[in-house]
Amino acid sequence: MKVQVCIIGGGPSGLLVAQLLHLRGIDTIVLEKHSREYVLARVRAGVLERGFAQLMREAQCGQRMDREGEIHDGFEIAHDGVLERVDLHKYSGGNSVIVYGQTELTRDLYEARDALKGAVIHDAEDVALFDLASDAPYVTYRHGGKTVRVDCEYVIGADGFHGVSRKSIPSDKLREYEKIFPFGWLGVLSRTKPVSPELIYVKHRRGFALCSMRSQVLSRYYIQVPLTDTPDRWSDDAFWAELKSRLPDEAANRLITGPSIEKSVAPLRSFVAEPMRYGRLFLAGDAAHIVPPTGAKGLNTAASDVYYLYHALLSHYKKRDDSGLDGYSEKA
Ligand code: APR
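Residues numbered from 1 in each chain as written. Predicted model: local features only at pLDDT ≥ 70, side-chain atom pairs only at ≥ 80, totals over all residues. Heavy atoms only, no water.

Peer 1: In this structure, what is going on with the overall build of the protein chain? I would like to understand it.
Peer 2: Counting secondary structure elements, the protein chain contains 10 helices and 20 strands. Viewed in the frame of its principal axes, the protein chain has a C-alpha envelope of about 60 × 40 × 35 Å. Carbon and sulfur atoms provide 50% of the accessible area of the protein chain, an area that totals close to 15,700 Å². In the protein chain, which carries 43 positive and 44 negative side-chain charges, the distance between the mean positions of the two groups comes to 1 Å. (Helix = DSSP H or I, 4+ residues; strand = E, 2+ residues; numbered from the N terminus. Areas by Shrake-Rupley, 256 points an atom, 1.4 Å probe, with all protein chains shown as cover. Lys, Arg positive; Asp, Glu negative; His and termini not counted. Charge placed at Lys NZ, Arg CZ, Asp CG, Glu CD.)

Peer 1: Sorry if this is basic, but what is going on with the site of the ligand here?
Peer 2: Not every one of the 26 residues close to the ligand is listed here, only the nearest: Ser13, Glu32, Arg42, Arg44 and Gln102. Between the ligand and Pro12, the relevant distance is 3.3 Å, taken from an oxygen atom to a main-chain nitrogen or oxygen of the residue. A distance of 2.7 Å is found between an oxygen atom of the ligand and a side-chain nitrogen or oxygen belonging to Ser13. Burial of the ligand by the protein amounts to 91% of the accessible area it has alone, namely 710 Å². Elements supplying a minimum of two residues to the shell around the ligand: α1 (12–23) and α9 (298–319). Of all the elements, α9 adds the most residues to the shell around the ligand, at 3 residues. Here the shell around the ligand is built from residues that sort into 10 nonpolar, 10 polar and 6 charged. (Near = heavy atom within 4 Å. Polar contact = N/O pair within 3.5 Å; in protein donor to acceptor, adjacent residues only side chain to side chain. Nonpolar A, V, L, I, M, F, W, Y, C, P; charged D, E, K, R; others polar.)

Peer 1: Looking at this structure, how should I read the sheet that holds strand β6 (residues 82–87)?
Peer 2: Within a sheet, each strand pairs with its neighbour through backbone hydrogen bonds, oriented either parallel or antiparallel. Read from one edge of the open sheet, 8 strands run β6-β5-β14-β15-β16-β13-β17-β20, paired in mixed fashion. Two strands close off the open sheet at either side, each with one partner strand: β6 and β20 (289–290). Bridging between strand β14 (residues 200–202) and strand β15 (residues 209–215) involves 3 bridges; their strand directions are antiparallel. In the strand pairing of β15, Tyr201 is matched with Leu210. Taken strand by strand, helix α7 (residues 236–246) contacts β13 (175–190), β14, β15, β16 (218–225) and β17 (260–274), and its axis lies near 80 degrees from that of β16. (Pairing = 2+ DSSP bridges. Contact = heavy atoms within 4.5 Å. Axes fitted to C-alpha atoms, helices over the stretch in contact; angles between N-to-C directions.)

Peer 1: Which parts of the structure should I look at to understand the nonpolar core?
Peer 2: Generally speaking, a soluble globular protein has its nonpolar side chains buried in company with each other. Core analysis: the biggest nonpolar cluster contains 69 residues, and Leu16, Leu31 and Ile156 have the highest contact counts within it. Among the elements that make up this core, the one with the highest residue count is α9 (8 residues). Not counting residues within four places of it along the chain, the set of residues in contact with Leu31 comprises Cys6, Ile7, Ile8, Gly9, Gly10, Ile121, Ala124, Val127, Val139 and Tyr141. Among the nonpolar cores identified, the runner-up in size contains 20 residues, and Ala78, Ile200, Trp234 and Phe239 belong to it. (Core = buried A, V, L, I, M, F, W, Y, C linked by side-chain atoms within 4.5 Å. Buried < 20%, exposed > 50% of the residue type's maximum accessible area, 1.4 Å probe, protein only.)

Peer 1: Help me out: how do you make sense of the pairing of strand β12 (residues 154–157) in this one?
Peer 2: On a regular strand, one side chain projects to one face of the sheet and the next to the other, so that they alternate. Across the two faces of β12 the burial is the same, with Tyr154 and Ile156 and Val155 and Gly157 all buried. In the sheet, strand β1 (residues 5–8) pairs with β12 via 4 bridges, with the strands oriented parallel. Each bridged residue has a counterpart across the sheet, and for Ile7 the counterpart in β12 is Ile156. Alignment of β12 against strand β19 (residues 281–283), held across 3 bridges, turns out to be parallel. If you follow Ile156 over to β19, its bridge partner there is Phe282.

Peer 1: I keep staring at the environment of Trp234 and nothing clicks. Help me out?
Peer 2: In this structure, Trp234 sits in the loop between β16 and α7. Placed 29 residues apart in sequence, Trp234 and Lys263 show a C-alpha to C-alpha distance of 9.0 Å. If near-sequence neighbours (up to four positions away) are discounted, Trp234 is found in contact with Leu186, Ile223, Val225, Asp229, Phe239, Glu242 and Lys263. At a separation of 2.8 Å, a polar atom in the side chain of Trp234 contacts the side chain of Asp229.

Peer 1: What is the right way to look at α1 in this model?
Peer 2: Working note: α-helix, 3.6 residues per turn, so residues spaced by three or four point in the same direction. Given a rise of 1.5 Å per residue, 12 residues ought to cover 16 Å, and the 16 Å separating the end C-alpha atoms of α1 matches this to within 8%. With 10 of its 12 residues buried, α1 lies for the most part within the structure. Of all the positions in α1, only Pro12, Ser13, Gly14, Leu15, Leu16, Val17, Ala18, Gln19, Leu20 and Leu21 are classed as buried. Lining the buried residues of α1 we find β1, β2 (28–31), α3 (50–58), α6 (102–115), β12 and α9. (Expected span 1.5 Å × (residues − 1).)

Peer 1: Would you mind going over empty space enclosed by the protein with me for this structure?
Peer 2: One simple way to see leftover space: roll a probe sized like a water molecule over the atoms. Under the defined criterion, the tally for this structure stands at 1 cavity of 30 Å³ or more. Roughly 40 Å³ of internal volume is contained in the largest cavity. For the largest cavity, the full set of lining residues is Pro12, Val39, Arg42, Arg44, Gln102, Thr103 and Thr106. At 3 residues, the largest contribution of residues to the lining of the largest cavity is made by α6. For the lining of the largest cavity, the class distribution of residues is 2 nonpolar, 3 polar and 2 charged. (1 Å grid on protein atoms, 1.4 Å probe; cavity = no way out; pocket = protein on both sides within 12 Å on 5 of 7 lines; lining within 4 Å. Points joined across faces, edges and corners; volume = space filled by probe spheres on them.)

Peer 1: How should unusual backbone geometry be read in this particular structure?
Peer 2: When glycine is set aside, most residues are seen to have a negative phi, and most peptide bonds are trans. A cis amide bond links Glu274 to the next residue, Pro275, at an omega of 0 degrees. Structurally, the position occupied by Pro275 is in the loop between β17 and β18 (277–278). Although it is not a glycine, Lys117 adopts a positive phi angle of roughly 55 degrees. One non-glycine residue, Asp131, adopts positive backbone phi at about 50 degrees. With respect to the helices, strands and loops of the structure, Asp131 is situated in the loop between β9 (125–130) and β10 (138–143).

Put into structure tokens, the structure is as follows:
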């Protein structure tokens, strides 16, 4: 098989860049390790900045996001028993964010890719990258017991933090920076109305808490916990009681609780690898960098990579200009 760009990973980064390139006539294939059901069952981020939203529209995937996503012009910070609102719209020169679950936008990207009959290989096992420093790289994977070889001009490594792409770069060519925070976030997803129409970040002597949401009927709450805590050590009741104790009374009193539909402890880690390029391989999104969920930046920095990489590849294919590709790593 021969394509112009082989994309490893069918998360938001890989699907978005595939869709954008496909719409401009650049031939792509997406290799995803898991099934579509598995990818769409992962509970992940949900706050999109303006740049991400614009890319979704450019990728012709923005209709449902614009219809169902919630526009937030601000958020609240709780401290010392009081709530204070930060007016994002006012202080950022007219920007706002859209609350729209990563699961939903991934679903939209898959549907758009289906509509264009773009190739996505699910359950692609043992993906391996070869000859990345040459002009003729190739990728192999196993599917249904057969090994398939994909010859390509460029490889995009959008396979997340645990993916194979970054690990395919010789270690002496890569610098890695990492900070692991000495606590985790216990997150609960519940089918309840959020405590507030906007997000609340809580500073409290018992630890940080965050009241977030995926929609007006789906809430996402977090409390900071010791890294040694596991989700099964926290009953739903204990979780709600602890969250309430960290909220100012006016918020705690109106908190609607319910059964958790997902409960997990996220370790908080910052990680950056550079350069984000090795020969014909370009890393994008979580494959190159991750941040704790604190500022909802993971998905949005991934979108920023996609933006630069998409334009760099367009310049290469449409104008024979490689300056975007050469400057990609530094910029991203
Ligand atoms: N081969 C093929 N696919 C792989 C491999 C592999 N060896 N390893 C991982 N993958 C797939 C994963 O199954 C996943 O679907 O690559 C995809 C990577 O997706 P994400 O981890 O979601 O990363 P990304 O697309 O960069 O998304 C941006 O920012 O902070 C976060 O929540 C945010 O997950 C989001 C991310």
